[in-house]
Amino acid sequence: MGAQVQRTTVFLDRDGTLNHDSGYITSPEALILFPGVVESIARLNRSGSRLFLVTNQSAIARGLMTVEDLHLIHQKLREELEVGGGWLDGILFCPHHPEDTCDCRKPNPDLIQQATRELNVDVAQSYFVGDKSTDMKLAHTVGSIGVLVMTSQFSQEALDSMKHQNYNIGFVASSFPEAVDWIIQDARGRKWNEPDKLVKK
Ligand SMILES: [Mg+2]
Ligand SMILES: [Zn+2]
């Protein structure tokens, strides 16, 4: 086999998707995972998917925390996932303020494009799990399969706006574990491999 075997990638929003969105999370103690998240992440890992966190953290630009604080929060997240045998393959974050008009704040595509360039991600073989319309808009923009989780105060607005925009959402899940069930099953049913495309560098 000359062709490289491509794996499915799952992009994950953080706040409101993996953990309670209680406003700006600026310390490890404030990060509280939803039930079943630890086990579900490990299941995705075992399914062969690569997992990347994609998160807007404007609390940095707002002066509410430092990049070091964010790393401590993510260290706690990684430790909790490790207990369940799971891990994240990478964490991509935007530290900017909405008014900075950067290219990386969701729904702008720069973080995903970075993953495509540097981490050999094929976005056409990816899912994007999130609770906000900005997550689903980004999925739509880059050609990732959007999976909306109805787990935060923003979810219903996201669902309504997606219907309004006529965006193609792959699935609407009532919980993160349900989203993962669907992704694993959906990925198995898809014909991802397109050899002609894969052998090209
Ligand atoms: Mg969110
Ligand atoms: Zn940014």
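Whatever comes next refers back to the structure up there.
Position labels on residues start from 1 in each chain and follow its written sequence. The naming scheme follows written order: chains are lettered A onward, ligands numbered 1 onward. Local features in this predicted model are restricted to residues of pLDDT 70 or higher, and side-chain atom pairs are both shown and tallied only at a pLDDT of 80 or more, whereas totals for entire chains, interfaces and linings draw on every residue. Each side-chain value is worked out from all heavy atoms of the structure, with water and hydrogens disregarded.

1. Concerning the coordination of the magnesium ion (ligand 1)
The following threshold applies: Distances up to 2.8 Å from the metal define which N, O and S atoms are donors, and 3.2 Å serves for Na, K and Ca; water is absent from the atom set, so sites may look incomplete. Helix and strand definitions here come from DSSP, where helices need a minimum of 4 consecutive H or I residues and strands a minimum of 2 consecutive E residues; each element is numbered from the N-terminal end. Exposure categories follow from relative accessible area, calculated using a 1.4 Å probe and restricted to protein chains: below 20% of the type maximum is buried, above 50% is exposed, and the middle band is partly exposed.
In this structure, D13 (OD), D15 (O) and D131 (OD) serve as the protein donors to the magnesium ion (ligand 1), at separations of 2.1 to 2.2 Å. The sequence pattern formed by the donor residues of the magnesium ion (ligand 1) is D-x1-D-x115-D. Here D13 is found in the loop between β1 (9-12) and α1 (37-46), whereas its partner D131 is found in the loop between β4 (126-130) and α4 (133-142), with 118 residues between them in sequence. A single burial state applies to D13 and to D131, both of which are buried.

2. Quick look at the packing of aromatic side chains
Given two aromatic rings, one states the distance between the centres and the angle between the planes to describe the pair. Note the cut-off: Between rings of Phe, Tyr and Trp, where Trp is taken as its six-membered ring, a pair exists when centres lie within 6.5 Å; planes separated by under 30 degrees are stacked, by over 60 edge-to-face, and by other angles tilted.
Within this structure, the stated rule accounts for 4 aromatic pairs. Measuring from ring centre to ring centre gives 5.2 Å for F171 and W182, while their planes differ by 5°; the resulting arrangement is stacked. Of this pair, F171 sits in strand β6 (residues 169-173) while W182 is found in helix α6 (residues 176-189), placing the two residues 11 residues apart along the sequence. Since its relative accessible area comes to 23%, F171 is described here as partly exposed. Overall, the relative accessible area of 18% leaves W182 in the buried class. An aromatic cluster is present here, built from F11, F52 and F128 joined pairwise through their rings.

3. Quick look at the side chain of N19
Our working rule: The definition of a polar contact used here is a pair of N or O atoms within 3.5 Å, where within protein one atom must be able to donate a hydrogen and the other to accept one, and adjacent residues in sequence count solely through side-chain atom pairs. The contact criterion used is simple: two residues touch if any of their non-hydrogen atoms lie within 4.5 Å.
With respect to the helices and strands, the residue N19 is situated in the loop between β1 and α1. Residue class for N19 comes out buried when judged on its relative accessible area of 0%. Within polar-contact distance, the side chain of N19 engages the side chain of D15 at 3.0 Å. When neighbours within four sequence positions are excluded, N19 is seen to be in contact with R14, I25, L31, I32, L33 and F34.

4. Overview of helix α2 (residues 67-83)
Just so we agree on the cut-off: One fewer than the residue count of a helix, multiplied by 1.5 Å, yields its expected span. Arc, as used here, means the arc of the directions from the helix axis to the C-beta atoms.
The first and last C-alpha atoms of α2 sit 25 Å apart over 17 residues, in line with the 24 Å expected at 1.5 Å per residue. Inspection of α2 places L70, I73, H74, L77 and L81 among the buried residues, and these make up the whole buried set. One side of α2 holds all its buried residues, which, seen down the axis, span an arc of 95°. Exposed and oriented more than 90 degrees from the buried face of α2 are E68, E82 and V83.

5. Brief notes about the layout of surface pockets
Unoccupied space between atoms shows up once a probe the size of one water molecule is rolled over them. Inclusion rule: Cavity and pocket criteria rest on a 1 Å grid covering protein atoms alone: a 1.4 Å probe that fits but cannot get out defines a cavity, protein on both sides within 12 Å along at least 5 of 7 lines defines an open pocket, and an atom within 4 Å of a point defines a lining residue. Grid points are joined across faces, edges and corners, and a volume is the space filled by probe spheres set on the points. Residue classes follow a fixed rule: Ala, Val, Leu, Ile, Met, Phe, Trp, Tyr, Cys and Pro count as nonpolar, while Asp, Glu, Lys and Arg count as charged, and any other residue, Gly among them, counts as polar.
Within this model, the largest pocket holds a volume of roughly 400 Å³. Those elements that place two or more of their residues in the lining of the largest pocket are β2 (50-56) and α4. Residue composition of the lining of the largest pocket, by class: 4 nonpolar, 7 polar and 9 charged.

6. What to know about empty space enclosed by the protein
Within this structure, the stated rule accounts for 1 cavity of 30 Å³ or more. Of the voids in this model, the largest cavity is the one considered here, and its volume is about 40 Å³. Lining the largest cavity, in full, are M136, A139, H140, S144, G146, Y167, N168 and I169. Top contributing element to the lining of the largest cavity by residue count: α4, with 3 residues. Classifying every residue of the lining of the largest cavity gives 4 nonpolar, 4 polar and no charged.

7. Details of the coordination of the zinc ion (ligand 2)
As a reminder, the rule being used: Any coordination sphere not matching a tetrahedral pattern (four donors, all angles between 85 and 135 degrees) or a square planar or octahedral pattern (four or six donors, opposite donors over 155 degrees apart, other angles between 65 and 115) is reported as irregular.
Distances from the zinc ion (ligand 2) to its protein donors, C94 (SG), H96 (ND1), C102 (SG) and C104 (SG), fall at 2.0 to 2.3 Å. Around the zinc ion (ligand 2) sit 4 donor atoms; with metal-centred angles ranging over 100 to 118°, the donor geometry is tetrahedral. Along the chain, the residues donating to the zinc ion (ligand 2) are arranged with the sequence spacing C-x1-H-x5-C-x1-C. C102 shares its class with C94; the two are buried.

8. A look at the sheet that holds β4
What holds strands together in a sheet is hydrogen bonding between their backbones, with the strands either parallel or antiparallel. The cut-off we apply is this: Two strands qualify as a pair provided that DSSP identifies no fewer than 2 bridges between them. Axes here refer to lines fitted to C-alpha atoms; in helices the fit is confined to the stretch in contact. Angles between the N-to-C directions go from 0 to 180 degrees.
Across the sheet, 6 strands lie side by side as β3-β2-β1-β4-β5-β6; this open sheet has parallel pairing. Lying at the two open borders of the sheet, with one neighbouring strand each, are β3 (90-94) and β6. Sheet twist, expressed as the average angle between the axes of neighbouring strands with direction ignored, equals 20°. The pairing of β1 with β2 spans 4 bridges and is classified as parallel. When the bridges of β2 are listed, T9 appears paired with R50.

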